[in-house]
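Okay, here's what each chain looks like letter by letter:
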Amino acid sequence: MILTVTPNPSLDRTYEVPSLDRGEVIRASGERMDPGGKGVNVSRAVAAAGRRTVAVLPLGGAPGALVADLLDAQGIEVAPVPVAGATRSNIALAEADGVLTKINAPGPELTSAEQESLLEAVREQSRDADWIACCGSLPRGLAPSWYAELVARAHRAGVRIALDTSGPALLAALREGPDVVKPNVEELAEAVGRPLATVGDAVKAAEELRELGARAVLASLGADGQLLVSEEGAWFASARVDVVRSNVGAGDSSLAGFLIAGGSGPGALASAVAHGAAAVQLPGSVMPSPANLDPGAVTVTAQIPVDRVLTEPAS
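Residues numbered from 1 in each chain as written. Predicted model: local features only at pLDDT ≥ 70, side-chain atom pairs only at ≥ 80, totals over all residues. Heavy atoms only, no water.

Taking an unreviewed UniProt entry as the reference, the chain is identified by name as 1-phosphofructokinase belonging to Streptomyces dioscori. UniProt lists a comment for the chain under the heading Sequence similarities (unreviewed entry), and it reads "Belongs to the carbohydrate kinase PfkB family." (UniProt positions renumbered as here; feature names shortened; annotations may be inferred.)

Caption draft 1: Structural context of the overall build of the chain. Across its full length, the chain holds nine helices and 16 strands. Taking 20 Å as the expected radius of gyration for a compact globule of 315 residues, we find that the chain reaches 19 Å, a close match to that expectation. Counting only C-alpha atoms, the chain reaches 50 × 50 × 35 Å along its principal axes. Across the 315 residues that make up the chain, the buried fraction comes to 50%. (Helix = DSSP H or I, 4+ residues; strand = E, 2+ residues; numbered from the N terminus. Rg over C-alpha atoms; globule rule 2.2 N^0.38 Å. Buried < 20%, exposed > 50% of the residue type's maximum accessible area, 1.4 Å probe, protein only.)

Caption draft 2: Fine view of the UniProt feature "domain: Carbohydrate kinase PfkB" (unreviewed entry) in the chain. UniProt records the feature "domain: Carbohydrate kinase PfkB" (unreviewed entry) for residues 16-290 in the present numbering. In this annotation, residues 16-290 is assigned 38% helix and 24% strand; the end-to-end C-alpha distance for the span is 28 Å.

Caption draft 3: Geometry of the pairing of strand β6 (residues 88-95). The sheet contact formed by strand β2 (residues 10-17) and β6 spans eight bridges and is parallel. Among the inter-strand pairings, Leu 11 is bridged to a residue of β6, identified as Ser 89. Here β6 runs beside strand β7 (residues 100-103); their pairing, made up of four bridges, is antiparallel. Its bridge partner being in β7, Leu 93 is matched across the sheet by Thr 101. (Pairing = 2+ DSSP bridges.)

Caption draft 4: Spotlight on the nonpolar core. One finds Ile 132, Leu 150 and Leu 227 to be the most contacted residues of the largest nonpolar core, which totals 53 residues. Looking at this core, you find at least three residues from each of domain 1 (1-176) and domain 2 (179-314). Among all residues touching Ile 132, those that are not within four sequence positions of it are Leu 3, Val 5, Val 122, Ser 126, Ala 154, Val 159, Arg 160, Ile 161 and Ala 162. (Core = buried A, V, L, I, M, F, W, Y, C linked by side-chain atoms within 4.5 Å. Domains from an automatic or database assignment. Contact = heavy atoms within 4.5 Å.)

Caption draft 5: Geometry of the pairing of strand β4 (residues 53-59). The element β4 is extensively covered by neighbouring structure, given that seven of its seven residues are classed as buried. Burial along β4 is two-sided: Thr 53, Ala 55, Leu 57 and Leu 59 and Val 54, Val 56 and Pro 58, pointing in opposite directions, are all buried. The sheet contact formed by strand β1 (residues 2-5) and β4 spans four bridges and is parallel. When the sheet's bridge partners are listed, Ile 2 is paired in β4 with Thr 53. Relative to strand β5 (residues 77-82), β4 is paired through six bridges, and the arrangement is parallel. By the bridge assignment, Leu 57 is partnered in β5 with Pro 80.

Caption draft 6: The arrangement of the domain arrangement of the chain in detail. Each assigned domain of the chain is listed with its residue range as follows: domain 1 (1-176) and domain 2 (179-314). Using C-alpha coordinates to define each centre, domain 1 is positioned 21 Å away from domain 2. At the junction of the two partners, domain 1 supplies 30 residues and domain 2 supplies 28 residues. Around 2400 Å² of area is buried between domain 1 and domain 2 when both sides are counted, 62% of it from carbon and sulfur atoms. Linking domain 1 with domain 2 are one salt bridge. The partner of Lys 38 in a salt bridge is Asp 252, and the shortest N-O contact between them spans 2.9 Å. (Buried area = accessible area lost by both parts, 1.4 Å probe. Salt bridge = Lys/Arg side-chain N within 4 Å of Asp/Glu carboxyl O.)

Right, here's the structure in full:
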């Protein structure tokens, strides 16, 4: 079982519009509503793979109730932590030419009691967990050290933990030795405080995160592929993608694929890349099922192309 923790979930509303014209009345040609948040997306991807997952998340107000209902409809067990503030509602405007404009609300501010209730819910639900995946930004009220406390408690309980966050929250958690961290190339550059222009630069940055405490680093390099750097070694993987339809949630699907396959070694990296490649070829935030995967399109190698210039260098 994979337990996910999403401290700042959302109700995501997506509207399809012909074009985005400021100051005009725009009539949407389509709309959809999804449960949102990085940890929520990991649970959705795990469920799509036919595996058990439990989602721990603070929920409040009518939007929170809708998030719980939507997750339940997808076969995801929900362990809600009631909070006084309403769960945030995010809006995405998808234009006909593929441009996506997102408006993300800040979310409620959690009290000290609500923060502790969230940690306690993770403890209660983690008894049967193979992995805990903690993902996304922290809501107002939670200090950057909150993830570090969660990692420490998970390890005391003997549970492996994966962390997908950025900025001060990532740096603070590294000292507790998360089993795997999953930055994208921009987050990796931010963590080490310098630009990354090549695959080799990304490898060096991942090694620095390991020196700071991460036991393994699964780094997304966008269209170029992914890196896995751990005490077992370092590998680079990429996949053939025919058509990119949406990259929303692709990184979360990738983390789910990594954990489903055991969370270590080149086999898990191959699964991560297969899931991420499948996700970008699906519309919106749809998560891939096993039928969408193409393992034969994935290449994994220990011969890392350190001189390859990144398609999208990180500044």
